[in-house]
Amino acid sequence: MNIIEALHGYVSRYGPLQDGRINVDFLPGDAGSYSLDVAPCREWVKRYVDGSGVKQFLFNLCSREAMDETIRQQLDNLGFYEGFSRWLDRQTAADDLPALGQSRTARAVEAVRSGYAFLQGGNTAKYQIQCRLTYFQDKER
């Protein structure tokens, strides 16, 4: 299993997302759409002489949300991402992390940037939160 596949299954467990479909690197134009997008980063955090080490994987959880003049709508949109960030913290504290396969062990999944409106157009806006998975990578065999 690759990392984005493991994260897709993991993020799908978040309560408000359990009933919906989460795309990968594709966000439809409809309000209520979600996507898990890979973000560029330096993979190695710390490398050991035996070839093992700590790596990271950055990703964004994105959504297309309704947008109007009412403050309630924007508060609800941002509240979703605040709740998601807290959920990641609780999952990490409970050591309930994604299974990454034989040679990788997840250490933490966390939000590194809070959720925000990224792009507005018409009556919808794209929101996103940037997250990081850190994991231990066994030495290559």
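First, a word on scope: everything that follows refers to the structure included in this document. Note that this is a predicted model, so its numbers are computed, not measured.

**Re the environment of Ala117**
Moving on, step 1. In this fold, Ala117 is placed in strand S5 (residues 104–121).
Moving on, step 2. Judged by its relative accessible area of 32%, Ala117 falls in the partly exposed class.
Moving on, step 3. Taking the C-alpha atoms as reference, Ala117 lies 9.7 Å from Cys62; in sequence the two are 55 residues apart.
Moving on, step 4. Excluding anything up to four places from it in sequence, Ala117 contacts Lys126 and Tyr127.

**Some points on the pairing of strand S6 (residues 124–137)**
Moving on, step 1. For S6, the buried fraction is high: twelve of the 14 residues fall into the buried class.
Moving on, step 2. Where strand S4 (residues 53–66) meets S6, 14 bridges bridge the pair, whose relative direction is antiparallel. Note that in S6 the partner of Leu61 across the bridge is Ile129.
Moving on, step 3. Across 13 bridges, S5 lies against S6 in antiparallel orientation. The residue bridging Gly121 from the neighbouring strand is Thr124, located in S6.
Moving on, step 4. In sequence, S5 turns back onto S6 through a hairpin of two residues, with Gly122 there showing a positive phi of about 65°.

Cut-offs and rules
- Residues numbered from 1 in each chain as written.
- Predicted model: local features only at pLDDT ≥ 70, side-chain atom pairs only at ≥ 80, totals over all residues.
- Heavy atoms only, no water.
- Helix = DSSP H or I, 4+ residues; strand = E, 2+ residues; numbered from the N terminus.
- Buried < 20%, exposed > 50% of the residue type's maximum accessible area, 1.4 Å probe, protein only.
- Contact = heavy atoms within 4.5 Å.
- Pairing = 2+ DSSP bridges.

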